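These are the residues of each chain, in order.
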Amino acid sequence: MNIIIVGPPGAGKGTQAKLICNEYNLTQLSTGDILRENYRQGTMLGKEAAKYWSVGGLVPDDIMINLIRQEMKKPVPGNGYIFDGFPRTVAQALSLRDIFDELTLSLTAVIVLDVDFNELIKRLSARRTCTKCGKTYHMMFNPPKVEGICDLDNEPLCQREDDKPAAIENRLKVFKDQTLPLEKFFEDEGKAQHVPGMLGIDEVYAHIKNILDKCK
Ligand code: AP5
């Protein structure tokens, strides 16, 4: 089973990808998480990519396609992949199709999370992330048990650099210009399955599960 989850910044891709991963035993390929981890480790890729993501822009396609190609060469456990944050442009989708052909994989479904822009701003500006394990919270909708502290490892929570107002504004503009055409691409391919992402986390997941159970 190979699933792509698409949606604007803050739509809940990462939140839902983790739930899907656990239930269907998939490997999550979150390009945002991989880039942030590279940055923390001080790699060349991490430093180069941070020039783009820290201000809300997209990292160039060639860097991202190469990154995914390398990740997919690694042996992984489980029943397939969930792609969270990749592809994000039509060029990336076309390259992913080539990689699938090379590896004789097939695409099971593309989940598209639909969320209004006003709601996205609320979600992003109050998101907090664990500095150690990367688990995300929302100060109102999904708070930790103890304010400012991760439930899993008691480490402090922080705000992502690109969740500050100027970067959020840029990310939403970039989404409209560069990622919305990707949704149309998957619709034309008959793969896009729209899910009402404005609902609560569990309700959104129930919609996704309903779709994925039919694909098993
Ligand atoms: P990435 O980390 O992928 O950022 P993003 O796409 O902007 O998505 P987010 O992680 O911000 O949000 P999400 O949809 O995962 O929502 P979440 O579940 O956290 O990428 C970061 C950057 O890396 C990009 O801007 C780009 O520069 C670069 N990059 C990455 N991939 C790239 C690529 N392929 N090409 C080029 N550049 C690339 O939820 C958000 C908040 O809302 C949380 O607080 C959560 O608790 C809360 N929440 C979630 N669901 C709900 C709900 N249903 N109701 C209420 N609250 C909810």
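Residues numbered from 1 in each chain as written. Predicted model: local features only at pLDDT ≥ 70, side-chain atom pairs only at ≥ 80, totals over all residues. Heavy atoms only, no water.

Caption draft 1: Looking closely at the side chain of Thr89. By secondary structure assignment, the location of Thr89 is in the loop between strand 3 (81–84) and helix 5 (90–103). A polar contact is formed between the side chain of Thr89 and the backbone nitrogen of Gln92, at a distance of 3.1 Å. Setting aside residues up to four positions removed in sequence, Thr89 forms contacts with Leu58, Asp61, Gln178 and Leu182. (Helix = DSSP H or I, 4+ residues; strand = E, 2+ residues; numbered from the N terminus. Polar contact = N/O pair within 3.5 Å; in protein donor to acceptor, adjacent residues only side chain to side chain. Contact = heavy atoms within 4.5 Å.)

Caption draft 2: Spatial organisation of the sheet that holds strand 3. Spatially, five strands are ordered 2-3-1-4-8 in an open sheet, and the strand pairing comes out parallel. Each edge of the open sheet is held by one strand with a lone partner, namely strand 2 (27–30) and strand 8 (192–196). Pairwise comparison of adjacent strand axes, ignoring direction, gives a mean angle of 20° for this sheet. On top of the sheet, helix 1 (residues 13–24) reaches strand 1 (3–6), strand 2, strand 3 and strand 4 (109–114); it is set at about 175° to strand 3, its chief contact. The strands touched by helix 7 (residues 165–188) are strand 1, strand 4 and strand 8; relative to strand 1, the strand with the most contacts, the crossing angle is about 140°. (Pairing = 2+ DSSP bridges. Axes fitted to C-alpha atoms, helices over the stretch in contact; angles between N-to-C directions.)

Caption draft 3: Layout of the state of the cysteines. Under the defined criterion, the tally for this structure stands at zero disulfides. For the unlinked cysteine Cys133, the closest cysteine sulfur is that of Cys130, found at 3.7 Å. Classification of Cys133 by relative accessible area gives partly exposed; the value is 41%. Here Cys158 stays unpaired: no disulfide links it, and the sulfur of Cys130, its closest cysteine neighbor, is 8.2 Å away. (Disulfide = S-S within 2.5 Å. Buried < 20%, exposed > 50% of the residue type's maximum accessible area, 1.4 Å probe, protein only.)

Caption draft 4: Fine view of the layout of surface pockets. Its boundaries defined by the atoms lining it, the second largest pocket holds a volume of some 190 Å³. Taken together, 13 residues line the second largest pocket, and the ones lying closest to its centre are Leu96, Arg97, Phe100, Leu107 and Glu189. Broken down by secondary-structure element, the contributors of at least two residues to the lining of the second largest pocket are helix 5 and helix 7. Per-element tally for the lining of the second largest pocket: the top contributor is helix 5, with five residues. Here the residues of the lining of the second largest pocket sort into eight nonpolar, one polar and four charged. (1 Å grid on protein atoms, 1.4 Å probe; cavity = no way out; pocket = protein on both sides within 12 Å on 5 of 7 lines; lining within 4 Å. Points joined across faces, edges and corners; volume = space filled by probe spheres on them. Nonpolar A, V, L, I, M, F, W, Y, C, P; charged D, E, K, R; others polar.)

Caption draft 5: Looking closely at the site of the ligand. Inspection of the region around the ligand gives 36 residues, with Thr15, Gly57, Arg88, Arg127 and Arg171 positioned closest. Separating an oxygen atom of the ligand from a side-chain N or O atom of Arg36 is a distance of 2.9 Å. Measuring from an oxygen atom of the ligand, one finds a backbone N or O atom of Tyr137 at 2.8 Å. If the ligand stood free it would expose 1000 Å²; the protein chains cover 97% of that surface. At four residues, helix 2 (residues 31–41) tops the list of elements feeding residues into the shell around the ligand. (Near = heavy atom within 4 Å. Areas by Shrake-Rupley, 256 points an atom, 1.4 Å probe, with all protein chains shown as cover.)

Caption draft 6: Focus on the side chain of Arg123. Relative to the elements of secondary structure, Arg123 occurs in helix 6 (residues 117–125). Beyond its immediate chain neighbours, meaning those up to four positions away, Arg123 contacts Gly10, Ala11, Gly12, Val115, His138, Phe141, Gly197, Met198 and Leu199.

Caption draft 7: Fine view of unusual backbone geometry. Cis rather than trans, the peptide bond between Phe86 and Pro87 has omega equal to -5°. Relative to the helices and strands, Pro87 is located in the loop between strand 3 and helix 5. Its identity as a non-glycine residue notwithstanding, Asn25 has a phi of 55°, on the positive side. By secondary structure assignment, the location of Asn25 is in the loop between helix 1 and strand 2. For Thr104, which is not glycine, the phi dihedral falls at a positive 50°.

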